[in-house]
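So you can see what is in the structure, the chains are spelled out below.
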Amino acid sequence: MTSTRDERPMPAGDDTIDVLVVDDDFRVARVHRAYVERLDVFRVVGVAGTGEQAIAAVDELRPDLVLLDLYLPDLFGLDVIPRLRTAGHDCDVMVISAAREADAVRGAVRQGVVDYLLKPFDFEDLRGRLERYAVQRGRLLDTVVRGQADVDRVLAGAGAAVAVSPVLPKGMSAETAGLIERTLREADGTLSATECAGLTGVSRVSARRYLEYFHTAGSVEVSLRYGATGRPERRYRFLGPGGGRAVGGRSGGLRPGGEVRA
């Protein structure tokens, strides 16, 4: 199944990222499409259910990004990528699959995918990766290479801290990002999105969005605090530009207060 390009006129200077969703389960594809369309900068231009349909859709719709399942009925997803390259398509590919085999992950890396997201996942998981992709894409499109420092900034990609990123996702402001970063830096331990909202004066939804973006960028650590009932609470700790450092010499597992490193 393949949908057609949205023919509505777009404004001049449009920076929309066109996305093709590829999944053999139409119900799953519908969910993925709904997730993507909740983000302003992204637009789903098509949905394909097989490898051959995906190849034909890329040829017709010319998307910027393909969300590619690996378990397709006719082709293994990774076999689709070299056929796209042979046909001259330079669209980016993000794997979204239940495939946990090391060979599949290594193969995806060799094929140059921009990310690899395991099913099942929720909207926040996909949003963080898409926003990180949008930032990196902006770097690649906008950067003028004058020397090694410019090259290093582009290659830093997802590993770069938010503080050194010149571009934030659409709808996010540098002022609010700085406010939330300072609040995390000054916190004694971890903060929840609700606590961060109370300290900064922004809404809980906005606080969580910035916190999740920082986590995706590698400058914030997330832990889960389990209560007696309900879903675990996500708590955030600032790591700094280096990211990924163990706090207090611990590298994971249970933490004081019933928290588990996510």
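Residues numbered from 1 in each chain as written. Predicted model: local features only at pLDDT ≥ 70, side-chain atom pairs only at ≥ 80, totals over all residues. Heavy atoms only, no water.

Caption draft 1: Geometry of the overall build of the chain. Scanning the chain for helices and strands turns up nine helices and 10 strands. Here the chain holds 262 residues, and the buried ones make up 47% of them. For the chain, the share of sequence-separated contacts (at least 6 apart) that also reach a separation of at least 24 residues comes to 63%. Accessible surface, the chain as shown: approximately 13,600 Å² in total, 52% of it carbon and sulfur. (Helix = DSSP H or I, 4+ residues; strand = E, 2+ residues; numbered from the N terminus. Buried < 20%, exposed > 50% of the residue type's maximum accessible area, 1.4 Å probe, protein only. Contact = heavy atoms within 4.5 Å. Areas by Shrake-Rupley, 256 points an atom, 1.4 Å probe, with all protein chains shown as cover.)

Caption draft 2: Quick peek at the packing of aromatic side chains. Scanning the model with the defined rule gives four aromatic pairs in all. When the ring of Tyr71 is compared with that of Phe76, the centres are 6.4 Å apart and the planes differ by 45°; the resulting orientation is tilted. (Phe/Tyr/Trp six-rings, centres within 6.5 Å; stacked < 30°, edge-to-face > 60°.)

Caption draft 3: Geometry of the layout of surface pockets. Approximately 460 Å³ is the volume attributed to the largest pocket. Every residue lining the largest pocket is counted, 21 residues in all, and those nearest its centre are Arg208, Glu212, Leu224, Arg234 and Tyr236. For the lining of the largest pocket, the secondary structure elements donating two or more residues are helix H5 (123-142), helix H8 (193-200), helix H9 (204-217) and strand E8 (233-238). For the lining of the largest pocket, the class distribution of residues is five nonpolar, five polar and 11 charged. (1 Å grid on protein atoms, 1.4 Å probe; cavity = no way out; pocket = protein on both sides within 12 Å on 5 of 7 lines; lining within 4 Å. Points joined across faces, edges and corners; volume = space filled by probe spheres on them. Nonpolar A, V, L, I, M, F, W, Y, C, P; charged D, E, K, R; others polar.)

Caption draft 4: Structural detail: the environment of Asp59. Among the secondary structure elements, Asp59 is positioned in helix H2 (residues 51-61). When the C-alpha atoms of Asp59 and His89 are compared, they prove to be 7.7 Å apart, with 30 residues separating the residues in sequence.

Caption draft 5: Seen up close, the packing of H8 against H9. At their nearest, the axes of H8 and H9 sit 8 Å apart, and the two run at 110° to each other. As the angle between them shows, H8 and H9 are arranged roughly perpendicular. The hand of the H8/H9 crossing is right-handed. Between H8, through Ala193, Thr194, Cys196 and Ala197, and H9, the contact on the second element is made entirely by Arg204, Ala207, Arg208 and Leu211. (Axes fitted to C-alpha atoms, helices over the stretch in contact; angles between N-to-C directions. Parallel < 35°, antiparallel > 145°, perpendicular 65-115°, else oblique. Left-handed = near helix turned anticlockwise from the far one by under 90°.)

Caption draft 6: Local environment of the packing of helix H7 (residues 174-186) against H9. Where H7 contacts H9, the axes come no closer than 10 Å and their chain directions differ by 75°. As far as their axial angle goes, H9 and H7 are roughly perpendicular. For the pair H7 and H9, the contacting residues are Thr176, Ala177, Ile180, Glu181 and Leu184 in the first and Ala207, Tyr210, Leu211 and Phe214 in the second. Taken together, the residues that form the contact of H7 with H9 break down as seven nonpolar, one polar and one charged.

Caption draft 7: Layout of the pattern of salt bridges. Applying the stated criterion across every chain yields a total of 18 salt bridges. Of the charged contacts in the structure, one is a salt bridge between Arg127 and Glu124, with a shortest N-O distance of 2.8 Å. One end of the pair, Arg127, and the other, Glu124, are both in helix H5, three residues apart, so they sit about a helical turn from each other. Take Arg127 and Glu124: they sit in the same class, and that class is buried. Across the pair Glu212 and Arg234 runs a salt bridge whose closest N-O atoms are separated by 2.7 Å. (Salt bridge = Lys/Arg side-chain N within 4 Å of Asp/Glu carboxyl O.)

Caption draft 8: Expanded view of H7. Taking 1.5 Å of rise per residue, 13 residues should cover 18 Å, and H7 covers 18 Å from first to last C-alpha, within 8% of that figure. Thr176, Ala177, Gly178, Ile180, Glu181, Thr183 and Leu184 are the residues of H7 that are buried. Buried residues in H7 make contact with strand E6 (191-192), H8, H9, strand E7 (220-225) and E8. (Expected span 1.5 Å × (residues − 1).)

Caption draft 9: Local environment of the nonpolar core. The biggest cluster of nonpolar side chains holds 26 residues, and the ones touching the most others in it are Leu20, Val22, Val66, Leu68, Leu70, Val95 and Tyr116. Taken together, the elements giving at least two residues each to this core come down to strand E1 (17-22), strand E2 (42-48), H2, strand E3 (65-68), helix H3 (77-86), strand E4 (92-97) and helix H4 (102-110). Per-element tally for this core: the top contributor is H2, with five residues. If near-sequence neighbours (up to four positions away) are discounted, Val66 is found in contact with Leu20, Val22, Val58, Cys91, Asp92, Val93 and Met94. (Core = buried A, V, L, I, M, F, W, Y, C linked by side-chain atoms within 4.5 Å.)

Caption draft 10: Spatial organisation of the environment of Ile81. Relative to the elements of secondary structure, Ile81 occurs in helix H3. A residue is classified by how much of its surface remains accessible, and Ile81, at 1% relative accessible area, is buried. As for Ile81 and Gly51, which are separated by 30 residues in sequence, their C-alpha atoms are 9.6 Å apart. Not counting the four nearest positions on each side in its chain, Ile81 is found in contact with Leu68, Val93, Gln111 and Val113.

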